[in-house]
Amino acid sequence: MATCRSCRAPIVWVETVNGKAMPVDAEPDDERGNVALTYVGSTGSYLADVYADNAAARADDTPSLYTSHFATCEHASQHRRDT
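It should be emphasised that the depicted structure is a prediction, and the values quoted were computed from it without experimental measurement.

Turning our attention to the overall build of the protein chain. Looking only at helices and strands, the protein chain has two helices and five strands in total. For the protein chain, the sequential pattern of α-helices and β-strands runs β-β-β-β-β-α-α. Here the protein chain has a C-alpha radius of gyration of 13 Å; the compact-globule value for 83 residues is 12 Å, and the two agree. In terms of its C-alpha atoms, the protein chain occupies a principal-axis envelope of roughly 35 × 30 × 25 Å. Buried positions account for 31% of the 83 residues belonging to the protein chain. Across the protein chain, the fraction of contacts at a sequence separation of at least 24, relative to all contacts at a separation of at least 6, is 49%.

Glancing now at the environment of L47. With respect to the element layout, L47 can be found in strand β5 (residues 45-50). On a C-alpha basis, the gap between L47 and H75 in space is 24 Å, while along the polypeptide they are 28 residues apart.

The subject of this paragraph is the environment of G19. Within the secondary structure, G19 sits in the loop between β2 (10-16) and β3 (21-25). When the C-alpha positions of G19 and L47 are compared, they lie 8.9 Å apart, and in sequence the two are 28 residues distant.

Considering all chains together, one arrives at two salt bridges under this definition. In this structure, the salt-bridge partner of D29 is R32, at a minimum N-O distance of 3.0 Å. Taking relative accessible area as the criterion, R32 reaches 55% and is therefore assigned exposed. Between E31 and R58 there is a salt bridge, with its nearest N and O atoms 3.7 Å apart. Of the two residues, E31 is situated in the loop between β3 and β4 (35-40) and R58 in helix α1 (residues 54-59); the sequence distance between them amounts to 27 residues. By relative accessible area, which is 59% here, E31 ends up exposed.

If you look at the biggest cluster of nonpolar residues, it comprises eight residues: V12, V14, M22, V24, A26, V35, A48 and Y66. Mapped onto this core, the elements with two or more residues apiece are β2 and β3. What V12 contacts, discounting residues up to four positions off in sequence, is M22, P23, V24, A26 and Y46.

With that settled, the discussion passes to the confidence of the model for the protein chain. Looking at the protein chain as a whole, the pLDDT averages 90, with 94% of positions reaching at least 70. Element-level pLDDT for the protein chain is lowest in α1, with a mean of 90, against a maximum mean of 96 in strand β1 (residues 2-3).

Moving on, we come to the environment of A48. Looking at the element boundaries, A48 is found in strand β5. Here A48 falls in the buried class, since its relative accessible area comes to 2%. Along the sequence, A48 and N18 sit 30 residues apart, while their C-alpha atoms lie 9.4 Å from each other. Apart from the residues within four sequence positions on either side, A48 is in contact with V14, E15, T16, V17, M22, V35, A36 and L37.

Rules used in this analysis
- Residues numbered from 1 in each chain as written.
- Predicted model: local features only at pLDDT ≥ 70, side-chain atom pairs only at ≥ 80, totals over all residues.
- Heavy atoms only, no water.
- Helix = DSSP H or I, 4+ residues; strand = E, 2+ residues; numbered from the N terminus.
- Rg over C-alpha atoms; globule rule 2.2 N^0.38 Å.
- Buried < 20%, exposed > 50% of the residue type's maximum accessible area, 1.4 Å probe, protein only.
- Contact = heavy atoms within 4.5 Å.
- Salt bridge = Lys/Arg side-chain N within 4 Å of Asp/Glu carboxyl O.
- Core = buried A, V, L, I, M, F, W, Y, C linked by side-chain atoms within 4.5 Å.
- pLDDT = per-residue confidence, 0-100.

Given below as structure tokens:
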């Protein structure tokens, strides 16, 4: 497990379906989360499926939902990259 270099909160680095690295809060948040994680045993990493919102994720019967750390970190703007 890693920690955010700004706020020191525990995070997990995951890979999106588009191949981008994304930090998510380490603890599940089924009430607000919109990120479903799938463990990839062959690589020891997690693949993230990002839903439009919590309602869409819950409608898909996702067992545990996580929140992007960009949504919860008070210093997120310091780490965003221009696209």
